[in-house]
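Here is what each chain is made of, one letter per residue.
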Amino acid sequence: MTSHPHKLRLLDLPTLAMHSGRVYPNQAVTLAALAGQSGRRLPVGGLITSVLRLRRGRQLWVSRDGSTLLGVAGLRRRAGSSAWEIDYLLNTTSNDAFLLDLLDRVVATAGADGAHRIFLRVPDESDILNLALQHGFMVVTRETLYEAAPRPEARTSPRARRRQRSDDHSLFQLYGHAVNQEVRWLTALAPSEWRATLEPLEDDSEEWILPNPGDEGAAAFIRLAHGRAGSSVSILSEERSAAAAVDIALRHGRPTRFRLLVAEYAIAQERAAQEAGLQATGRYALLVRPIAQRAHRLKLAEQAVEGSGRPVVQ
């Protein structure tokens, strides 16, 4: 069997159409996908519908042998061109070489567009995890999915407001306080990098800020994606504000089902989720594949240092 990975083209549509009724597990998990589907199994027909709405910053690679579909990899920009993510990853064979070949293509595609890194979230038990590690991806953090159906009621009503563009500086400061140094090195060292790494959300998504007392900066940043299966949420918060942030998310989440992704370093969020009655239902690994040169990363690290002191070595 031979493989010819290439970007989606018109000649591939008959092959995809032949597989449109089949269902394969999508190994790539995004925050928006958790809100839009009840599970990870993805009909190829649905993939065609969503991906054919091609827009700038969206690519699809297909691997096939004649009319036999071997694999599909979809990737898109996150919030900026320096950070991309894989949001579709289907493997229909047991031959790992085809999937590794697809990963080669998507990393090269993102790099050619100026990406500094590409993200991928997979279930902890997925066979894709080891393959991705072989390919040069690194684990940023493990995440636990907490959920409930129907959504529990919020216990308190903290004062929250919608995110504004002027919040970016205080949100980057919050990110520096709430996220450990190793994760920051792998994801974002400067405000522009942090903005670029935010996961894409659909038009009906919501972003809320829990301000500090006196509205001095942000104590928590809550992002909600809404879909057919309910709402999925990610939270960036200080430890003392975790419970209030979870209550804000519960208040604005859809009543059908509520899902919250909690990073392993966010201990207070995990405790708040459990106290709210949410149950742990899955574990994921958030991976990143660095593309930028180390010299560029060191330059960004210098720029991110607070203060106006000049470096001794130029």
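See the structure above.
Please read all numbers here as calculations on a predicted model, not as lab measurements.

Draft legend 1. A look at the overall build of the protein. Counting its regular elements, the protein contains eleven helices and 14 strands. Counting across all 314 residues of the protein, residues that qualify as buried make up 52%. Across the protein, every contact between residues at least 6 apart in sequence was considered, and the portion connecting residues at least 24 apart equals 73%. About 14800 Å² of surface is accessible on the protein, with carbon and sulfur atoms providing 49% of the total.

Draft legend 2. Fine view of the pattern of salt bridges. Following the criterion strictly, the structure yields 23 salt bridges and no others. Measuring nitrogen to oxygen at the nearest pair gives 3.6 Å for the salt bridge that ties D87 to R76. Of this pair, D87 sits in strand β6 (residues 83-91) while R76 sits in strand β5 (residues 68-77), placing them eleven residues apart in sequence. Overall, the relative accessible area of 7% leaves D87 in the buried class. Residue R76 is classed as buried on the basis of its relative accessible area of 13%. Here R283 makes a salt bridge to D124, at a shortest N to O gap of 3.9 Å. Of the two residues, R283 is situated in strand β14 (residues 279-290) and D124 in the loop between β7 (117-123) and α5 (128-134); the sequence distance between them amounts to 159 residues. Accessibility expressed as a relative area gives 33% for R283, which makes it partly exposed.

Draft legend 3. Representation of helix α6 (residues 168-178). Taken residue by residue, α6 has D168, S170, L171, F172, L174 and Y175 as its buried positions. Contact partners of the buried residues in α6: α7 (181-187), α8 (191-197), β10 (206-211), β11 (218-227) and β12 (230-237).

Draft legend 4. Representation of the sheet that holds strand β1 (residues 6-7). One open sheet accounts for twelve strands, arranged β1-β4-β5-β6-β7-β14-β8-β13-β12-β11-β10-β9; its pairing is mixed. Edge strands, defined here as strands with exactly one partner in the open sheet, are β1 and β9 (161-162). On the sheet, α6 packs against β10, β11 and β12 and is oriented at approximately 100 degrees with respect to β11.

Draft legend 5. Summary view of the side chain of E85. Positionally, E85 belongs in strand β6. Of the polar contacts made by the side chain of E85, one reaches the side chain of R78; its length is 3.0 Å. Each residue touching E85, except ones within four places of it in the same chain, is listed here: T30, G74, L75, R76, R78, I118, F119, E199 and P200.

Draft legend 6. Layout of the side chain of S231. As for its position among the elements, S231 is in strand β12. Once you skip the residues sitting within four places of it in the chain, S231 turns out to touch A35, A225, H226, G253, R254, R257, F258 and R259.

Draft legend 7. Just the packing of aromatic side chains, in detail. A full pass over the atoms with the stated rule returns three aromatic pairs. With a centroid separation of 6.4 Å and 45 degrees between ring planes, the pair formed by Y175 and W194 is classed as tilted. Of this pair, Y175 sits in helix α6 while W194 sits in helix α8, and the two are 19 residues apart along the sequence. Neither Y175 nor W194 differs from the other in exposure class; each is buried. Connected via pairs of aromatic rings, a cluster forms that spans F172, Y175, W194 and F221. Looking at R78, its charged tip hangs above the ring of F119, at a distance of 4.3 Å from the centre.

Draft legend 8. A look at helix α10 (residues 267-275). Among the residues of α10, those classed as buried are A268, Q269, A272 and A273. Projected down its long axis, α10 shows its buried positions confined to an angular sector of 140 degrees, all on one face. Among the structural elements, β8 (138-148), β12, α9 (242-252) and β13 (258-263) are those in contact with the buried residues of α10. Two residues or fewer past α10, G277 is found with a positive phi of approximately 95 degrees.

Draft legend 9. Quick look at the nonpolar core. With 24 residues, the main nonpolar core has I86, L89, V106, I118, L120 and F137 as its most contacted residues. Of all the elements in the fold, those that place two or more residues in this core are β5, β6, α4 (96-112), β7, α5 and β14. Element by element, the count of residues in this core is highest for α4, at six residues. Sequence-distant contacts of L89, defined by excluding residues within four places in its chain, comprise P25, N26, Q27, A28, V72, A73, L99, L120 and I128. One finds Y146, A219, L260 and A272 within the second-largest nonpolar core, a separate group that totals 23 residues.

Draft legend 10. Representation of the layout of surface pockets. Of the voids in this model, the second largest pocket is the one considered here, and its volume is about 710 Å³. In terms of lining residues, the second largest pocket is bounded by 36 residues, among which V179, I235, L236, A263 and Y265 are the most central. Among the elements that make up the lining of the second largest pocket, the one with the highest residue count is β12 (four residues).

Draft legend 11. Local environment of the pairing of β10. Extensive coverage of β10 is indicated by the burial of six of its six residues. Residue alternation in β10 divides its side chains into two sets, E206, W208 and L210 and E207, I209 and P211, and both sets are buried. Relative to β10, β9 is paired through two bridges, and the arrangement is antiparallel. Paired with R161 across the bridge in β10 is I209. Sheet analysis places β10 next to β11, joined by six bridges and oriented antiparallel. Bridge assignment links W208 to a residue of β11, and that residue is I222. Taken together, β10 and the strand that follows it, β11, pair antiparallel across an intervening segment of six residues, in which G214 is found at a positive phi of about 80 degrees.

So, how was this worked out
- Residues numbered from 1 in each chain as written.
- Predicted model: local features only at pLDDT ≥ 70, side-chain atom pairs only at ≥ 80, totals over all residues.
- Heavy atoms only, no water.
- Helix = DSSP H or I, 4+ residues; strand = E, 2+ residues; numbered from the N terminus.
- Buried < 20%, exposed > 50% of the residue type's maximum accessible area, 1.4 Å probe, protein only.
- Contact = heavy atoms within 4.5 Å.
- Areas by Shrake-Rupley, 256 points an atom, 1.4 Å probe, with all protein chains shown as cover.
- Salt bridge = Lys/Arg side-chain N within 4 Å of Asp/Glu carboxyl O.
- Pairing = 2+ DSSP bridges.
- Axes fitted to C-alpha atoms, helices over the stretch in contact; angles between N-to-C directions.
- Polar contact = N/O pair within 3.5 Å; in protein donor to acceptor, adjacent residues only side chain to side chain.
- Phe/Tyr/Trp six-rings, centres within 6.5 Å; stacked < 30°, edge-to-face > 60°.
- Lys NZ or Arg CZ within 6 Å of the ring centre and 35° of its normal.
- Arc of directions from axis to C-beta.
- Core = buried A, V, L, I, M, F, W, Y, C linked by side-chain atoms within 4.5 Å.
- 1 Å grid on protein atoms, 1.4 Å probe; cavity = no way out; pocket = protein on both sides within 12 Å on 5 of 7 lines; lining within 4 Å.
- Points joined across faces, edges and corners; volume = space filled by probe spheres on them.

Function cannot be inferred from these measures alone, as they are strictly geometric.
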